[in-house]
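Results of the structural survey
Spelled out from the first residue to the last, the chains are:
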Amino acid sequence: MSSQKVINAPLDSAITPFRKKLNSTLTKKPITVLQINLGKRCNLSCRHCHVEASPKRTEELSPEVCHQLIELIHRFPQIQIVDLTGGAPEMLYGFEPIVEAARVKGKQVIVRSNLTIYYEKGFGHIPEYCARHQLRIVASLPCYLADNVDKMRGIGVYNASIHALQWLNRLGYGRDPNLVLDLVYNPQIPSSDNFALTPNQEILERDYKEFLYKHFDISFNNLFAITNLPLGRTKFHLKHKKLYKPYLHFLESHFNSSTVEHLMCRNELSIDYLGNVYDCDFNQMANLPAKTRNGETLTVAKLLEAGTLDLIDEIRTAPYCYGCTAGCGSSCGGSLV
Ligand code: SF4
Ligand code: SF4
């Protein structure tokens, strides 16, 4: 693994409100990305999960909200990307109908996969299904070494992920230009105040590619390095270790203003399984709904009624936004600058 820069956390004082740090409001641009969180059920229950997903969770999309989302996708040509997440999106209600509705309209569809779902009963068809519909697969592999992955995600997850990647390669993923396969790196959750920024994405991608090709003959397209935001299980862990505030200070102390222009919340809407609208998946998990210029919250039904997606002027922010703006920045598509 590439060496990471280790920096000690600053002293425990107040966190600067994110908005004050920006010295302005964070404004929305025209919406081009619809990220849909189909629910909280997952076959895994990873230590770092900001969704707090697990096999025991039951929350998922309803047929009614699924129908509204399909209408939204059909009605708004400005939506270029439909990004499906969860939980494990492949096992949640609405996955296939939404994929097919979006692909018929020529949208790029991203599925955020944990890879191991392909080995659960009833989901063995998913790799072929994804290839047939030319879905872009963004797969979690928080490290290219087995120990680190199994520690974060559960025993056996690394081996299953390697087999799944080989399966995807055999279908043409990572090799055919129409079958894009990206991997996601997450750092280990800090256990002491020797925090580290996410390593340089380009160098890490090169290391991943060399290792996975040499040992397993695996190819993929891009590596996305994503910072752990202090939310969900990561927040719980940090609080338990009394590291929550020091970690926020660490992130704040590495604030990089050049990331702000590229933040993923600028041009996306994040939708939860009930059809509520947020500025991003992190705000969704923090229960911080998006607000219109009139101060109203939104649902998919309200967007359909209004006939526009561009009702939000100001993005709602919170201290965890420092996770997206530290160092090279972070988003669902990796580093920002
Ligand atoms: S991090 Fe992803 S794979 Fe792990 S429990 Fe959460 S949703 Fe599931
Ligand atoms: S958490 Fe990140 S993506 Fe979400 S509103 Fe804050 S800066 Fe934007």
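Cut-offs and rules
- Residues numbered from 1 in each chain as written.
- Chains lettered and ligands numbered in written order.
- Predicted model: local features only at pLDDT ≥ 70, side-chain atom pairs only at ≥ 80, totals over all residues.
- Heavy atoms only, no water.
- Helix = DSSP H or I, 4+ residues; strand = E, 2+ residues; numbered from the N terminus.
- Buried < 20%, exposed > 50% of the residue type's maximum accessible area, 1.4 Å probe, protein only.
- Contact = heavy atoms within 4.5 Å.
- Areas by Shrake-Rupley, 256 points an atom, 1.4 Å probe, with all protein chains shown as cover.
- Lys, Arg positive; Asp, Glu negative; His and termini not counted.
- Charge placed at Lys NZ, Arg CZ, Asp CG, Glu CD.
- Pairing = 2+ DSSP bridges.
- Right-handed = clockwise from strand over helix to strand, strands pointing away.
- Near = heavy atom within 4 Å.
- Nonpolar A, V, L, I, M, F, W, Y, C, P; charged D, E, K, R; others polar.
- Axes fitted to C-alpha atoms, helices over the stretch in contact; angles between N-to-C directions.
- Polar contact = N/O pair within 3.5 Å; in protein donor to acceptor, adjacent residues only side chain to side chain.

Looking up the protein chain in an unreviewed UniProt entry gives the name Radical SAM protein, with the organism given as Hydrococcus rivularis NIES-593.

Some thoughts on the overall build of the protein chain
Of regular secondary structure, the protein chain possesses twelve helices and ten strands. By its C-alpha atoms, the protein chain is 55 × 55 × 35 Å across when sized along the principal axes. In the protein chain, which comprises 337 residues, the share counted as buried stands at 57%. Of the contacts formed within the protein chain by residues at least 6 apart in sequence, a portion of 75% connects residues at least 24 apart. A total of about 14500 Å² of accessible surface is found on the protein chain, and carbon and sulfur atoms cover 50% of it. If the 37 positive side-chain charges of the protein chain are averaged to one point and the 33 negative ones to another, these points end up 4 Å apart.

Remarks on the pairing of strand E4 (residues 108-113)
Of all six residues in E4, five are buried, a share of seventy percent or more. Where strand E3 (residues 81-85) lies against E4, four bridges are found, and the strand directions are parallel. Across the sheet, the residue bridging to Asp83 is Ile110, located in E4. Following the backbone out of E3, through helix H3 (residues 95-104) and into the adjacent parallel E4, one traces a crossover that is right-handed. Of the pairings in the sheet, the one linking E4 to strand E5 (residues 136-140) comprises four bridges and is parallel in character. Paired with Ser113 across the two strands is Ala139, which belongs to E5.

A few points about the environment of Ala53
Among the secondary structure elements, Ala53 is positioned in the loop between strand E2 (33-37) and helix H2 (63-75). Other than its neighbours up to four places away in sequence, Ala53 contacts Lys40, Cys42, Leu44, Ser45, Gly87 and Arg233.

Describing the site of ligand 2
Around ligand 2 sit Leu263, Met264, Cys265, Cys280, Phe282, Asn283, Ile315, Arg316, Tyr320, Cys321 and Cys324, and that is every residue in its neighbourhood. The residue makeup of the shell around ligand 2, split by class, is nine nonpolar, one polar and one charged.

Re the site of ligand 1
For ligand 1, the full set of nearby residues is Cys42, Leu44, Ser45, Cys46, Cys49, Ala53, Gly87, Asn114 and Arg153. When grouped by side-chain class, the residues that make up the shell around ligand 1 number five nonpolar, three polar and one charged.

Considering the sheet that holds E5
Read from one edge to the other, the open sheet built from eight strands follows the order E8-E6-E5-E4-E3-E2-E9-E10, with strand pairing classed as mixed. Edge positions in the sheet fall to strand E8 (223-225) and strand E10 (277-278), since each has one partner strand and no second. Summarising the sheet, E2 and strand E9 (residues 268-271) pair through four bridges and their orientation is parallel. Note on E9: the bridge partner recorded for Gln35 is Ser270. Its contacts with the sheet place H2 against E2, E3 and E9, and it is angled at close to 170° to E2.

Considerations on the environment of Asn256
In this structure, Asn256 sits in the loop between helix H9 (244-253) and E9. Separated by 72 residues in the primary sequence, Asn256 and Cys328 place their C-alpha atoms 7.3 Å from one another. Not counting chain neighbours up to four residues away, the residues in contact with Asn256 comprise Thr325, Gly327 and Val337. Among the polar contacts listed, one links the side chain of Asn256 to the side chain of Ser258, at a separation of 2.7 Å.

A word on the side chain of His237
Looking at where His237 falls in the secondary structure, it is placed in helix H8 (residues 232-240). The class of His237 is buried, set by a relative accessible area of 11%. At 3.0 Å, the side chain of His237 forms a polar contact with the backbone oxygen of Pro190. Contact partners of His237, with chain neighbours within four places excluded, come to Arg47, Ile189, Pro190 and Ser191.

Details of unusual backbone geometry
Omega for the peptide link from Gly86 to Gly87 comes to 25°, which places this bond in the cis form. Along the chain, the position of Gly87 falls in the loop between E3 and H3. The residue Asn287 is not glycine, and still its phi comes out positive at about 60°. You can see Asn287 is positioned in the loop between helix H10 (281-285) and helix H11 (300-306). Classification of Asn287 by relative accessible area gives exposed; the value is 59%.

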